[in-house]
Amino acid sequence: MRHKIIHNIVDGRKANLWIFWNNSINASIVIHSSRQSITVEVGGVLVTGVHADVLCINRRDLWAELAPFSTSNKPWIILGDFNTISSLDEKKGGRVPLNSSVAKFNECIDNCELLHAAKTGLQISWSNGFLQVLIDAWIFMSKLKHLKSILKKWNWEIFGNVQVTLSEAEKKVTETNILFDADPQNLELLNDYVTARGVRDIAAQNYHTMLCQKARINWFHTSIRLRQTRNAIAELEDASGTLITNKNEIASNLISYFSDKFKEQPVEISDTILNATPQVINDDDNALLECIPSGEEIKNAVFELN
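Reading the values: the criteria
Residues numbered from 1 in each chain as written. Predicted model: local features only at pLDDT ≥ 70, side-chain atom pairs only at ≥ 80, totals over all residues. Heavy atoms only, no water. Helix = DSSP H or I, 4+ residues; strand = E, 2+ residues; numbered from the N terminus. Buried < 20%, exposed > 50% of the residue type's maximum accessible area, 1.4 Å probe, protein only. Contact = heavy atoms within 4.5 Å. Areas by Shrake-Rupley, 256 points an atom, 1.4 Å probe, with all protein chains shown as cover. Core = buried A, V, L, I, M, F, W, Y, C linked by side-chain atoms within 4.5 Å. Expected span 1.5 Å × (residues − 1). Arc of directions from axis to C-beta. Axes fitted to C-alpha atoms, helices over the stretch in contact; angles between N-to-C directions. Parallel < 35°, antiparallel > 145°, perpendicular 65-115°, else oblique. Nonpolar A, V, L, I, M, F, W, Y, C, P; charged D, E, K, R; others polar. Pairing = 2+ DSSP bridges. Phe/Tyr/Trp six-rings, centres within 6.5 Å; stacked < 30°, edge-to-face > 60°. Lys NZ or Arg CZ within 6 Å of the ring centre and 35° of its normal.

So what exactly am I meant to see when it comes to the overall build of the protein here?
If you tally the helices and strands in the protein, you get nine helices and eight strands. When the 306 residues of the protein are sorted by exposure, 20% land in the buried category. For the protein, restricting intrachain contacts to residue pairs at least 6 apart in sequence, the fraction spanning at least 24 positions comes to 41%. Accessible surface, the protein as shown: approximately 24100 Å² in total, 58% of it carbon and sulfur.

Given below as structure tokens:
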């Protein structure tokens, strides 16, 4: 095996830090490993990889872990994701970071007597561009078409053709690997190789995400088609026993059947049914109930009310 992998599995939890080491370089010795950092020594030089916790209070453990290495009197390089900044000009937009978070990070830098490496490339190394796209486009719900066009443009500019990007990234890894194997002591070639691997990993993740999204969309469309198939009437037997398969004929037959079933029907009531009705009152009582009261009777009834 030409490469060595060092990770930080702690207490059975999945690793969140990996260091890939070429065996052609001097063997590395793990000095310290925790949930937020790994420190190795190679050729008398300390190398620390960092993936700091997102919570400010938990990052205090990391600052405490780093402090003892500053007294080792050995060259020391730290790299990774600190999940905080040392000054406000390192961040644009979003929420303002906690003052205590920035202060603790700078305190760690000062106590460990660390110096920032010279910066090259982009001023801002990470951007939540997708969120900004949504904020810019989702002004009114009626502008969904506008949002769709912006997302398509953002997707093409950020990811492009993910399959082509992944193929090109894999070719770049192969090329840089061949060059570095020919000259394993060349640190610039090593940096090119590691960078190419990182680009390839990001492209592979984007390609995997695209495949997952397509699989979910295909599953949704398939389930809709299956549901429509289950709810569809493919054939129908009419009153004469003839099997109908034509959709228009099936529809006409159903309309005709239910129209006949629920249309108004003449009802005949036989007078003989009245013979079964019990006679509770006589003709005189019935005449009294049917008579219209006079004005005097209405007046007396009203005046007798409370």
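Please explain the nonpolar core as it appears in this structure.
Within soluble globular proteins, side chains that are nonpolar tend to cluster in buried spots. Ranked by internal contacts, the top residues of the largest apolar core, which has 14 residues, are V50, L62, W63, L66, W76, I78 and F82. Elements that contribute at least two residues to this core include exactly β5 (45–51), α1 (56–66), β6 (76–81) and α2 (99–111). Residue contacts for W76: discarding those within four places in its chain leaves L46, T48, L66, F69, S70, C112 and L114. Membership of the second largest hydrophobic core comes to eight residues, among which are I6, I38, V40 and V47.

How do you make sense of α2 when you look at a structure like this?
Each turn of an α-helix holds 3.6 residues, which means side chains three or four residues apart point in the same direction. The terminal C-alpha atoms of α2, which comprises 13 residues, lie 18 Å apart, in line with the 18 Å expected from a rise of 1.5 Å per residue. Taken as a whole, α2 has its buried residues at S101, V102, F105, C108 and I109. Buried positions in α2, seen along its axis, are confined to an arc of 125° and lie on one side of it. Exposed side chains of α2 directed beyond 90 degrees from the buried face belong to N99, D110 and N111. Against α1 lie the buried residues of α2.

Quick question: what am I supposed to make of the packing of α1 against α2 here?
For any two helices packed against each other, the geometry comes down to the angle between their axes and how far apart the axes lie. In the contact formed by α1 and α2, the axes pass within 10 Å of each other and the chain directions differ by 5°. As summarised for this structure, α1 and α2 are arranged roughly parallel, according to the angle between their axes. Only S100, S101, K104, F105 and C108 of α2 make contact with α1, whose side of the interface consists of C56, R59, R60, W63 and L66. Looking at the contact of α1 with α2, its residues break down into five nonpolar, two polar and three charged.

Where do I start with the side chain of S34 in this structure?
Within the element layout of this structure, S34 appears in the loop between β3 (29–33) and β4 (37–42). With a relative accessible area of 9%, S34 lands in the buried category. Look past the residues within four positions of S34 in its chain and what remains in contact with it is N8, V10 and E65.

Just checking my understanding: could you explain the sheet that holds β3 for this structure?
Within a beta sheet, neighbouring strands are joined by backbone hydrogen bonds and run either parallel or antiparallel to one another. Spatially, the four strands line up as an open sheet ordered β3-β4-β5-β6, and their pairing is mixed. On the outer flanks of this sheet lie β3 and β6, each paired with one strand and no other. Across this sheet, the average inter-strand angle for adjacent strands is 20°, counted without regard to direction.

Is there a simple way to think about the packing of aromatic side chains in this case?
Aromatic rings in a pair are described by how distant their centres are and how their planes are angled relative to each other. For the structure shown, the criterion picks out six aromatic pairs. Between W63 and F105, the aromatic rings sit 5.2 Å apart at their centres with planes inclined by 25°, giving stacked as the arrangement. Within this pair, whereas W63 is found in helix α1, its partner F105 is found in helix α2, the two being separated by 42 residues in sequence. Residue classification places W63 among the buried positions, given a relative accessible area of 10%. With a relative accessible area of 7%, F105 lands in the buried category. An angle of 5° between the planes, with centres 6.3 Å apart, marks the rings of F258 and F262 as stacked. Residue F258 and its partner F262 are located together in helix α7 (residues 247–262), separated by four residues, close to a single helical turn. Given a relative accessible area of 42%, F258 falls into the partly exposed group. Given a relative accessible area of 63%, F262 falls into the exposed group. Here the aromatic residues W63, F82 and F105 are joined through ring pairs into a cluster of three or more. The ring of F20 carries the charged tip of R197 above its face, separated from the ring centre by 5.0 Å.

I would appreciate a short explanation of the pairing of β4 in the present structure.
Across a regular strand the side chains alternate sides, sitting on one face of the sheet and then on the other. Of all six residues that make up β4, six are buried, and the element is covered over most of its length. Burial of the side chains of β4 extends over both faces: S37, T39 and E41 are buried on one face and I38, V40 and V42 on the other. Between the end of β3 and the start of β4, which pair antiparallel, lie three residues. In this sheet, β5 lies alongside β4 in antiparallel orientation, the contact comprising six bridges. Its bridge partner being in β5, S37 is matched across the sheet by V50. In this antiparallel pair of consecutive strands, β4 and β5, the connection spans two residues, and G43 shows a positive phi of 60°.

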